Amino acid sequence: MKIVTRYITSSILKTAIITLLVCVLLVLAVELFSSMNKIVTSSTNIKDIIKLSILGLPEYLMMVASISFLFATTFFLSQLQANNELIMLYNAGLSYFKIASKIVILGVIVTIVFFYFSETIMIDAKLEHAKMSDELFGLSGTSDSRNITLTDLDSDYVIHASRFSEQNSTIYSVTLIKNSRDGIDLRVSADSAKYSSEGYWIFQNARVYQREGERLITSFENSYPITDFTLEPRLFKNASNDVTTMERVDAINYLRRIKTLDRDTYYSAATDFYGRIFSPFSILILIVISVSMNYRFKKNVFLFSIIQSLCTAVVYYVSQMVFTISSSQGVTEPYMSVILPIVIVTVLSLIVRSIGGKSG
């Protein structure tokens, strides 16, 4: 039994590693070719290009991992069928279910490894890659946002700003309103507001309108702190890309807060976050698809096996793209961009398996 397990593991891993290397090199070549104009115009030296390419390798590895393991699993199972090795395993007392379960267990282990790789090495490399790209090619790395309106349900504040600057944590052309059951208690219109180290906002050149009973008190303040208005600066910026690189706990807290402040930003950011978390699981999903395929072809077993598994994989990725777009736009819940493609390919795999079983 150990020999069979070792044989299955080594065969799939060898093919997967070779496929990974080939696919990563292809993606790297495409990325370099697409960036050739920027490289030439910026006169980037060869050392920086090599370093930038190395920093991009972890992300490219994650991009091609699922397809590589799909190919490796399909190749292994099709060769078992084509070389009549399945008959030998059946005679040894192994059922197809036992063989498939060993492959799925391998898929689970590989998925856990790639999940850890994605949440540690890949994120750090991705951040460094983006930073270096900005420095080499003169791109803007800012996450400034414009025309922001947020509602803080915890303190009944509504704020609108024409622009947020990430560089100095400052919002410009600000209007802040505090609501109550009786109406508006406070309105502040300021040229700018800066987030202090103490964790609240200080408004500059502020025109303050405050209600006290039946009286309306107006004043002009050069510096006007509001200590109970504590929204973090990151909530003001377009952080849909940031949730793919920030710490998981910070990303979860950000999504929890932004859900009540800005629903449009929440849907986009939450969809990106679910995509980040469940991206490694596509390896396991495509391995399961591969083992559920029908390999009982009389001729060209490998060719037909690859065709049917790739067709199913295309359905998975296309449905994932469609539901990612719909979730980002708020048509469906963000988690549905992960669940629905899995449901679709599972049903499709069962149908293909059933048809193949009847025809065999």
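Residues numbered from 1 in each chain as written. Predicted model: local features only at pLDDT ≥ 70, side-chain atom pairs only at ≥ 80, totals over all residues. Heavy atoms only, no water.

### Observations regarding the layout of surface pockets
Right, so step 1: Here the second largest pocket defines a volume of roughly 680 Å³.
Right, so step 2: If you trace the second largest pocket, you find 25 residues lining it, with D272, G275, R276, S279 and Q320 closest to the centre.
Right, so step 3: When contributions to the lining of the second largest pocket are tallied by element, the ones reaching two or more residues are α3 (46-82), α5 (96-137), α7 (263-278), α9 (301-328) and α10 (336-359).
Right, so step 4: At 6 residues, α7 tops the list of elements feeding residues into the lining of the second largest pocket.
Right, so step 5: A breakdown of the residues in the lining of the second largest pocket according to their chemical character gives 10 nonpolar, 11 polar and 4 charged. (1 Å grid on protein atoms, 1.4 Å probe; cavity = no way out; pocket = protein on both sides within 12 Å on 5 of 7 lines; lining within 4 Å. Points joined across faces, edges and corners; volume = space filled by probe spheres on them. Helix = DSSP H or I, 4+ residues; strand = E, 2+ residues; numbered from the N terminus. Nonpolar A, V, L, I, M, F, W, Y, C, P; charged D, E, K, R; others polar.)

### Some points on the packing of aromatic side chains
Right, so step 1: Applying the stated criterion across every chain, the model contains 13 aromatic pairs.
Right, so step 2: Between Y157 and F229, the aromatic rings sit 5.2 Å apart at their centres with planes inclined by 70°, giving edge-to-face as the arrangement. Of this pair, Y157 sits in strand β2 (residues 157-165) while F229 sits in the loop between β6 (215-226) and α6 (248-261), and the two are 72 residues apart along the sequence.
Right, so step 3: In this structure Y157 comes out as buried when scored by relative accessible area, which is 2%.
Right, so step 4: Owing to a relative accessible area of 0%, F229 belongs among the buried residues under this scheme.
Right, so step 5: Put simply, the rings of F115, Y274, F278 and F281 touch in pairs and so form one group of aromatic residues. (Phe/Tyr/Trp six-rings, centres within 6.5 Å; stacked < 30°, edge-to-face > 60°. Buried < 20%, exposed > 50% of the residue type's maximum accessible area, 1.4 Å probe, protein only.)

### What to know about the pattern of salt bridges
Right, so step 1: Taken as a whole, this structure holds 5 salt bridges when the rule is applied.
Right, so step 2: Taken together, the shared-partner salt bridges in this structure form one network comprising E119, R248 and R276. (Salt bridge = Lys/Arg side-chain N within 4 Å of Asp/Glu carboxyl O.)

### Examining α6
Right, so step 1: Between its first and last C-alpha atoms α6 spans 20 Å; for 14 residues at 1.5 Å apiece the expected length is 20 Å, and the two agree.
Right, so step 2: Of the positions making up α6, those classed as buried are A251, Y254, L255, I258 and L261. Buried residues of α6, viewed axially, fall in a sector of 125°; they line one side. In α6, the exposed positions that point more than 90 degrees away from the buried face belong to V249 and R256.
Right, so step 3: For α6, the elements touching its buried residues are β1 (145-152) and α7. (Expected span 1.5 Å × (residues − 1). Arc of directions from axis to C-beta. Contact = heavy atoms within 4.5 Å.)

### Looking at the nonpolar core
Right, so step 1: With 43 residues, the main nonpolar core has I12, F69, L77, I103 and F114 as its most contacted residues.
Right, so step 2: Sorting the residues of this core by element identifies α1 (2-34), α3, α4 (85-91), α5, α8 (281-291) and α9 as the ones contributing at least two each. (Core = buried A, V, L, I, M, F, W, Y, C linked by side-chain atoms within 4.5 Å.)

### So, α3
Right, so step 1: In this model, α3 (37 residues) spans only 47 Å end to end at C-alpha, well below the 54 Å of a helix rising 1.5 Å per residue.
Right, so step 2: Approximately 40° is the largest bend angle found in α3, and it occurs at V64.
Right, so step 3: A side-chain oxygen of the first residue of α3 lies 3.2 Å from the backbone nitrogen of K47; this N-cap is N45.
Right, so step 4: Among the residues trailing α3, N84 stands out with phi positive, at a value near 60°. (Bend = angle between axes of the 7 residues up to and from the residue. Polar contact = N/O pair within 3.5 Å; in protein donor to acceptor, adjacent residues only side chain to side chain.)

### Description of unusual backbone geometry
Right, so step 1: In this structure, N84 is a non-glycine residue whose phi angle is positive, near 60°.
Right, so step 2: Even without glycine at this site, S169 takes up a positive phi of about 50°.
Right, so step 3: Relative to the helices and strands, S169 is located in the loop between β2 and β3 (170-180).

### Overview of empty space enclosed by the protein
Right, so step 1: In the structure shown here, the tally under the stated rule is 1 cavity of 30 Å³ or more.
Right, so step 2: Roughly 30 Å³ of internal volume is contained in the largest cavity.
Right, so step 3: Considering the residues around the largest cavity, the lining is formed by F278, F281, I285, Y316, Q320, V338 and I342.
Right, so step 4: Classifying every residue of the lining of the largest cavity gives 6 nonpolar, 1 polar and no charged.

All we've got here are geometric facts, nothing functional implied.
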